[in-house]
Amino acid sequence: MGRVKHADNLFEKMPEKNVVIWSIMVHGYSKNGLHKKSVECFISMRNIGLMPNSFTIVGILVGVSELRDLILGQSVHGLIVKLGWEDYSFVGTSLLEVYAKCGNIIDCSKIFENLKGQGLVPWNAMISAFVHNELYEEAFLLCNRSRKSGLFPDSMTALALIQSCVAMESKCLCESVHAMVLKFGLVSHVQVNNSLLFLYSSLMELPAVWEIFNPMEEKDVISWSTVMSLLVHLEYASDAIKLFFHMRDSGNEYDKLVLMNLISACGTLGNLKMGKSVHAQVITHGFGSDLPLLNTMITMYARCEDLNSSKTVFYRSTMKSMVSWTSIISGLLHNGRPREALDMFVRVRIEENIITDSVVLVSALAAGGEMVDLELCMQLHCHTIKAGLTNYTSIQNCLISTYSKCGDVEPANNVFVQMASFRDIVSWNAIINGYGINGHGETALSLFYEFKKTGGIPDIATYLIILSACSHSGLVSEGLLIFSQIIEENRIRVGAEHYSCVANLLARAGYLPDVSKFKDGEGKAIWRAILNGCVHNGDLRLAEFAAKKFDELIQKDSGQLVLLSNLYASVGRFQDAEALRLSMETEKLIKDPGFSILTGNL
């Protein structure tokens with residue numbers, strides 16, 4: 001029952017203790033995680049001259065395996081040989097597990113060879129031993145040997161093989177193990193089903209997860225939280241919340257992991273009201289001081305643009321980890337407070353004396369980029385070198401973006417070149433975007449085609465970046481060619497942002513009649529592009545049409561109101577220009593200030 005102190009008290013009061021009583025204590029300590037105490041109890045028993053039985057030996061072996069003490073394990077092995085119990089299946093299997101946990105796979109295999117004729121248990125123990133020592137192929141080969149020996153796999157076999165599949169990340173192998181589970185009727189075991197759910201979740205295979213989850217007759221909290229975690233990770237936040245309500249209505253209790261997923265879903269959706277409700281549930285269930293939950297709430301409130309609540313949770317946390325600091329720094333950055341984010345970064349380094357990691361440095365670099373402070377970004381770059389974090393791909397990618405935002409593409413390109421084989425699609429997107437936003441459209445195009453030539457497959461972001469680069473540099477024919485390729489390939493979903501880039505491309509080049517064909521297109525981005533083109537080309541008629549068509553949304557966009565006001569002023573319609581400016585004052589709309597790329601100051 002886990003009441004070790006009560007057991008201790010009874011044990012001490014007993015005037016006579018035989019081997020059975022001592023064995024219960026040795027085994028009980030191991031079972032409750034008190035492994036050192038288990039060993040001490042065993043030694044005391046031996047010191048008074050009592051000879052252990054097989055139950056005692058198994059108990060001490062459990063303790064030794066968790067302590068990872070090879071020398072002690074070998075000593076107990078010697079005693080087992082002396083007592084003649086090495087051929088006993090349950091003793092030999094426990095000894096096998098000791099050598100496996102201690103990383104001695106050679107002696108582990110020798111013990112197994114003496115036991116393999118004694119049923120499935122030693123086979124499962126040896127398969128698990130291979131998995132524990134990351135010898136995943138050997139685990140599958142041994143499983144095949146067990147089948148040839150006429151043994152049928154059970155739930156323990158399946159659990160070990162599924163763990164191997166997670167590590168090997170092989171979808172084909174996963175499907176084979178799944179087929180084995182179905183063939184031998186192991187789907188009735190909730191642990192096996194949960195492991196399969198985790199396996200397919202690690203591969204981001206949502207359809208396969210639903211295929212397992214929906215028919216499950218028995219679902220525990222692990223089943224629900226695993227599916228919720230995947231939905232949150234894939235940003236299907238609404239589905240994650242629906243699943244939570246279904247879980248609650250089914251009468252299942254939920255733990256802190258479920259609440260953490262629910263909080264993350266609220267943050268993704270920006271649902272502040274529900275986020276506060278879940279916060280109340282966290283406190284009601286007694287998880288109010290759980291650090292991972294607190295960190296998730298800091299992020300949730302920041303994403304819901306409630307910085308005050310985010311800061312309150314942060315400052316009231318009695319213990320703060322690096323994740324806590326990263327969450328509040330990222331939250332400040334998300335809410336357009338780069339200066340405060342950097343102040344927090346300085347504080348965590350100096351006042352709190354916490355060693356910064358790659359994640360918080362990415363946030364600090366992003367803040368430097370938002371402030372367009374080249375000198376600061378160079379200092380942060382030096383800090384990443386000093387901290388030995390320059391080999392992190394995330395750091396290198398962020399350096400490329402940060403230098404580009406500061407208007408200096410040369411150091412961005414230097415970082416990109418140094419990455420060599422460590423480049424991923426984010427790296428290519430960052431450098432292409434860097435040249436694009438700084439007016440080097442042809443270089444951006446060259447890099448885009450180089451990326452494709454090296455076998456890279458452009459994603460939604462890649463196409464958006466290259467279309468934008470063509471727009472900035474007036475490369476109309478090149479941009480339209482790429483857009484037509486996107487349509488022909490039909491591989492990615494073309495969104496409003498892509499149409500906006502094409503509209504902006506045509507507008508900047510003076511093809512406003514062609515842009516107007518988008519007037520029934522997809523939302524705000526299209527009309528912003530049309531209005532920008534009208535300003536560049538002085539087409540007041542189309543600008544007024546765009547403003548009228550987009551009346552409800554444009555009234556909340558200060559930047560576009562200023563553009564239209566300037567256009568009215570340029571053609572002498574000063575009363576209309578003044579009316580728009582007054583409407584901004586009435587609505588208390590303020591145009592976002594810009595940054596100087598020379599000084600980084602407002």
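Note that the structure is a prediction, hence the values are computed from the model and not measured.

The rules behind each value
- Residues numbered from 1 in each chain as written.
- Predicted model: local features only at pLDDT ≥ 70, side-chain atom pairs only at ≥ 80, totals over all residues.
- Heavy atoms only, no water.
- Helix = DSSP H or I, 4+ residues; strand = E, 2+ residues; numbered from the N terminus.
- Buried < 20%, exposed > 50% of the residue type's maximum accessible area, 1.4 Å probe, protein only.
- Contact = heavy atoms within 4.5 Å.
- Areas by Shrake-Rupley, 256 points an atom, 1.4 Å probe, with all protein chains shown as cover.
- Salt bridge = Lys/Arg side-chain N within 4 Å of Asp/Glu carboxyl O.
- Phe/Tyr/Trp six-rings, centres within 6.5 Å; stacked < 30°, edge-to-face > 60°.
- Arc of directions from axis to C-beta.
- Axes fitted to C-alpha atoms, helices over the stretch in contact; angles between N-to-C directions.
- Left-handed = near helix turned anticlockwise from the far one by under 90°.
- Nonpolar A, V, L, I, M, F, W, Y, C, P; charged D, E, K, R; others polar.
- UniProt positions renumbered as here; feature names shortened; annotations may be inferred.
- Expected span 1.5 Å × (residues − 1).

A.B. asks: Now, about the overall build of the protein: what can you tell me, with residues and values included?
C.D. replies: Check the secondary structure of the protein and you find 36 helices and 0 strands. Across the 602 residues in the protein, those meeting the buried criterion constitute 45%. Restricting to contacts in the protein with at least 6 residues of sequence separation, those with at least 24 account for 60%. Entry remark: accessible area of the protein is about 31,000 Å², with carbon and sulfur atoms responsible for 54%.

A.B. asks: Which residues make up the pattern of salt bridges, and what values go with them?
C.D. replies: Scanning all chains against the criterion turns up 11 salt bridges. One salt bridge in this structure joins Lys171 and Glu205, with 3.4 Å as the shortest N-O distance. Taken together, the positions of Lys171 in helix H11 (residues 171-183) and Glu205 in the loop between helix H12 (190-202) and helix H13 (206-213) put the pair 34 residues apart, joining distant regions of the chain. Glu205 gets classed as partly exposed once you look at its relative accessible area, which sits at 21%. With a closest N to O distance of 3.0 Å, Asp290 and Lys256 form a salt bridge. Highlighted residues: Asp290 in the loop between helix H17 (272-284) and helix H18 (291-303) and Lys256 in helix H16 (residues 256-269), separated in sequence by 34 residues. Looking at Asp290, the relative accessible area reads 14%, which means it is buried. The structure contains a network of salt bridges with shared partners spanning Glu66, Arg68 and Lys101.

A.B. asks: Can you break down the packing of aromatic side chains residue by residue, with the values?
C.D. replies: Summed over all chains, the structure comprises 15 aromatic pairs. Between Trp210 and Phe213, the ring centres sit 6.0 Å apart and the planes meet at 70°, which makes this aromatic pair edge-to-face. Here Trp210 and its partner Phe213 are both found in helix H13, 3 residues apart, which amounts to about one turn of the helix. Both rings, one in Phe244 and one in Tyr254, keep their centres 5.2 Å apart while their planes meet at 70°; by these two values the pair is edge-to-face. Of this pair, Phe244 sits in helix H15 (residues 237-249) while Tyr254 is found in the loop between H15 and H16, placing the two residues 10 residues apart along the sequence.

A.B. asks: Break down helix H19 (residues 307-316) for me, citing the residues and quoting the values.
C.D. replies: Regarding H19, the residues found buried are Leu307, Ser309, Ser310, Val313 and Phe314. For H19, the arc enclosing every buried residue in end-on projection is 165°, short of the 170-degree limit, so these residues lie on one face. For H19, the exposed residues lying more than 90 degrees away from the buried face are Asn308 and Arg316. Against H17, H18, helix H20 (322-334) and helix H21 (338-350) lie the buried residues of H19.

A.B. asks: Describe the packing of helix H9 (residues 136-148) against helix H10 (residues 155-168), naming the residues involved and giving the relevant values.
C.D. replies: The N-to-C vectors of H9 and H10 enclose an angle of 145°; their axes lie 10 Å apart at closest approach. Here the hand of the crossing between H9 and H10 comes out left-handed. Residue-level contacts link Tyr136, Glu137, Ala139, Phe140 and Cys143 of H9 to Thr157, Leu161, Ser164, Cys165, Ala167 and Met168 of H10. Grouping the constituent residues of the contact of H9 with H10 by class yields 8 nonpolar, 2 polar and 1 charged.

A.B. asks: Can you break down the environment of Tyr99 residue by residue, with the values?
C.D. replies: Considering the arrangement of structural elements, one finds Tyr99 in helix H6 (residues 89-101). The class of Tyr99 is buried, set by a relative accessible area of 3%. Between the C-alpha atom of Tyr99 and that of Gly73, which follows or precedes it by 26 residues, the distance is 7.5 Å. Those residues in contact with Tyr99, other than ones at most four positions away along the chain, are Leu70, Gln74, His77, Asn104, Asp107, Cys108 and Ile111.

A.B. asks: An account of the UniProt feature "repeat: PPR" (unreviewed entry) in the protein is needed here, citing residue identities and associated values.
C.D. replies: UniProt records the feature "repeat: PPR" (unreviewed entry) for residues 18-52, 119-153 and 424-458 in the present numbering. Helix makes up 74% of residues 18-52 and strand 0%, and the two end C-alpha atoms of the span are 10 Å apart. The span residues 424-458 is 74% helical and 0% strand by assignment, and the distance between its end C-alpha atoms comes to 11 Å.

A.B. asks: Break down unusual backbone geometry for me, with residues and values.
C.D. replies: For Glu305, which is not glycine, the phi dihedral falls at a positive 60°. Residues other than glycine seldom take positive phi values, yet Asn490 does so here, at roughly 50°. By the element assignment, Asn490 lies in the loop between helix H29 (476-489) and helix H30 (496-508). Asn490 sits in the exposed class, given a relative accessible area of 64%.

A.B. asks: Pulling in residues and values, what's your account of H21?
C.D. replies: The end-to-end C-alpha separation of H21 is 18 Å, in line with the 18 Å expected for 13 residues at 1.5 Å each. Buried residues of H21: Pro338, Ala341, Leu342, Met344, Phe345 and Val348, and no others. Buried residues along H21 cover an arc of 155° about the axis, so they all sit on one side. Along its buried surface, H21 packs onto H19, H20, helix H22 (358-370) and helix H23 (374-386).

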